[in-house]
Amino acid sequence: MPHTLSSEAAAAAAETAALFRARALAARDDARFKGSMAWATAKGRNYLVRAFYDPDTGRRRQVSLGLRTPETEALLAAWDLDRAAAAARLAETEAAEKTVAAGNRTLGLARVPLLAAKVLRGLDRAGWFDAGLRLAGPAAVLAYEAESGLRLAPGDFDPVAALRHGLRLMSATPIPPRRLHDALARIDHGFRPARPEGGRRGARARLEPIPAAIGPDGFRVEWIAPDAPPERPARARRTALPPIDLDADIVLERLPWYAGAAMREGVAVDARGAPLRLVAIDPRVFAAADLWLAGDLFRAPAARAADRARAEAVIALTLRDTRPPRPRSLPREVARAAAHLFSR
């Protein structure tokens with residue numbers, strides 16, 4: 001069962017989360033000033049020009065803000081002041097984060113392995129989580145742990161081990177593999193597109209290849225997009241799956257009612273003590289789906305045991321003292337498998 005943090009650790013976790021949110025706001029404010037604002041001369045006349053890189057195309061653009069007048073001179077002066085203030089706020093919040101890092105390590109808050117944290121932080125700062133990307137699989141449990149303020153005991157399901165070897169991500173809408181490949185390569189030049197697995201039979205052979213990238217030390221990042229919505233999305237039809245490792249998980253993460261569930265997030269701490277945001281789906285949907293899989297007699301016994309252990313970990317972190325309403329998006333079969341979790 002999870003245990004509560006000590007009062008000192010809980011205070012440090014709360015302070016770290018507050019600092020992270022303050023830094024995120026400061027970074028967003030500072031991002032408004034990317035590029036430059038300066039005078040340019042054309043045909044013998046001075047113009048105030050704003051230069052920046054288009055976020056969609058990556059191309060440099062220039063926009064004229066008008067001829068040189070007292071008004072545009074005041075605009076440039078205000079820009080310079082605001083830009084300097086935004087940079088100072090960002091530097092201040094980044095320095096504050098560094099001051100609490102050592103304490104976070106000492107208090108046992110540092111949970112996320114460094115390479116996983118580097119990837120997740122890079123994707124977050126590039127806007128991928130705000131665009132709908134979510135953690136899938138065991139790594140999502142760390143998001144619930146971070147949000148709950150509890151810690152899983154050593155004998156419980158261990159989500160940290162999964163993050164040492166790779167990440168699985170999912171989205172409610174399709175994402176071109178090339179875009180995520182490029183995003184990962186910008187985070188770490190060691191990432192390369194993974195070669196499709198060959199010679200597989202069974203459930204995975206009937207699926208499209210899973211987009212993935214391999215990074216340093218064999219670290220694997222997979223991302224899964226949902227299948228097309230069924231004609232009646234509220235009644236997802238159950239298909240018996242053969243007992244082949246993670247195939248059932250991958251099928252699950254392609255279902256729109258699962259991948260498109262409401263977002264939940266928490267601020268976790270990496271192995272150096274620095275904070276990062278973890279974004280997953282509603283833990284009610286996550287736990288109910290795992291209980292549903294655990295009841296599938298076509299699953300291998302070891303896989304069913306892992307499903308149940310993961311579900312019980314999420315229940316203990318997020319649902320142990322309450323029976324929340326059942327999410328309306330759950331298909332009937334899934335809701336029936338997890339009926340004891342909900343008030344209705």
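Quick note: structure is the one above.
Source: prediction; values computed, not measured.

Colleague: Would you explain the sheet that holds strand β3 (residues 45–53) in this entry?
Modeller: Sheet strands pair by backbone hydrogen bonding; their relative direction is either parallel or antiparallel. Across the sheet, three strands lie side by side as β2-β3-β4; this open sheet has antiparallel pairing. Both outer strands of the open sheet, β2 (36–42) and β4 (60–67), are each paired with one neighbouring strand and no more. This sheet shows a mean twist of 35° between the axes of neighbouring strands, independent of strand direction. The sheet contact formed by β3 and β4 spans seven bridges and is antiparallel. The residue of β4 that forms the bridge with Arg50 is Val63. Running over the sheet, helix α2 (residues 70–106) touches β2, β3 and β4 and is turned about 150° from β2.

Colleague: What am I meant to see in the packing of helix α9 (residues 283–294) against helix α10 (residues 301–318) here?
Modeller: Two packed helices can be described by the angle between their axes and the distance between those axes. Running from N to C, α9 and α10 cross one another at 155°; their axes reach a closest spacing of 8 Å. It follows that α9 is roughly antiparallel to α10 by the angle criterion. As for how α9 packs across α10, the hand of that crossing is left-handed. Here Pro283, Phe286, Ala287, Asp290, Leu291, Leu293 and Ala294 of α9 lie close against α10, whose contacting residues are Arg304, Asp307, Arg308, Arg310, Ala311, Val314, Ile315 and Thr318. Considering only residue class, the contact of α9 with α10 consists of nine nonpolar, one polar and five charged.

Colleague: Got a minute to help me understand the packing of helix α3 (residues 114–125) against helix α6 (residues 177–187) in this structure?
Modeller: Put simply, α3 and α6 touch, their axes get as near as 9 Å, and they point 115° apart. The chirality of how α3 crosses α6 is right-handed. Contacts from Lys118, Val119, Gly122 and Leu123 in α3 reach Leu180, Ala183, Leu184 and Ile187 in α6. Of the residues in the contact of α3 with α6, the class split is six nonpolar, one polar and one charged.

Colleague: I'm lost on helix α1 (residues 7–31) in this one. Help?
Modeller: Structural remark: α-helix, 3.6 residues per turn; residues separated by three or four positions point the same way. Counted at 1.5 Å a residue, the expected span for α1 with its 25 residues is 36 Å, and the 36 Å between its end C-alpha atoms agrees. Within the sequence span of α1, burial applies to Ala9, Ala12, Thr16, Ala17, Leu19, Phe20, Arg23, Ala26 and Asp29. In this structure, the buried residues of α1 make contact with α2, α3, β11 (263–269) and β12 (275–281).

Colleague: Help me understand the sheet that holds strand β7 (residues 166–171) in this model?
Modeller: Across the sheet, five strands lie side by side as β5-β7-β10-β9-β8; this open sheet has mixed pairing. Each end of this open sheet is capped by a strand with a single partner; those strands are β5 (133–136) and β8 (192–193). Inspection of the sheet shows strand β9 (residues 212–214) paired to strand β10 (residues 220–224) by three bridges, in the antiparallel sense. Bridge assignment links Ile214 to a residue of β10, and that residue is Arg220. Sheet contacts for α3: β5, β7 and β10; angle to β7, the most-contacted strand, approximately 25°.

Colleague: Sorry, what's going on with the pattern of salt bridges here?
Modeller: Side chains that differ in charge, positive against negative, can pair when their charged atoms come close. Evaluation of the coordinates by the stated rule reveals 19 salt bridges. With a shortest N-O distance of 2.8 Å, Arg299 and Asp307 are connected by a salt bridge. Across this residue pair, the class does not change: Arg299 and Asp307 are buried. Residues joined by salt bridges that share partners form a network here, namely Asp124, Asp130, Glu265 and Arg277.

Each value, and the rule that gives it
Numbers given to residues run from 1 along each chain, matching the order in which its sequence is written. Totals for whole chains, interfaces and linings use all residues, but because this is a predicted model, local features are given only for residues with pLDDT of at least 70 and pairs of side-chain atoms are given and counted only at 80 or more. To obtain the side-chain values, all non-hydrogen atoms of the structure were used and water was disregarded. Pairing between two strands is assigned when DSSP locates at least 2 bridges connecting them. Here a strand is any run of E in DSSP of at least two residues, a helix any run of H or I of at least four, and the numbering for each starts at the N terminus. Lines fitted to the C-alpha atoms define the axes, with helices restricted to the stretch that makes contact. Angles between their N-to-C directions range from 0 to 180 degrees. We call two residues in contact when some of their heavy atoms are within 4.5 Å. These descriptions rest on fixed angle ranges, namely under 35 degrees for roughly parallel, over 145 for roughly antiparallel, 65 to 115 for roughly perpendicular, and the rest for oblique. Take the far helix as the reference: if the near one is turned anticlockwise from it by less than a right angle, the crossing is left-handed, and if turned clockwise, right-handed. Asp, Glu, Lys and Arg are counted as charged, while Ala, Val, Leu, Ile, Met, Phe, Trp, Tyr, Cys and Pro are counted as nonpolar; the rest, among them Gly, fall into the polar class. In this analysis, the expected span of each helix is defined as 1.5 Å times one less than the number of residues it contains. Think of it in three bands: with a 1.4 Å probe and only protein chains considered, a residue is buried below 20% of the maximum accessible area for its type, exposed above 50%, and partly exposed in between. Basic side-chain nitrogens of Lys or Arg form a salt bridge, by our definition, when they fall within 4 Å of a carboxyl oxygen of Asp or Glu.

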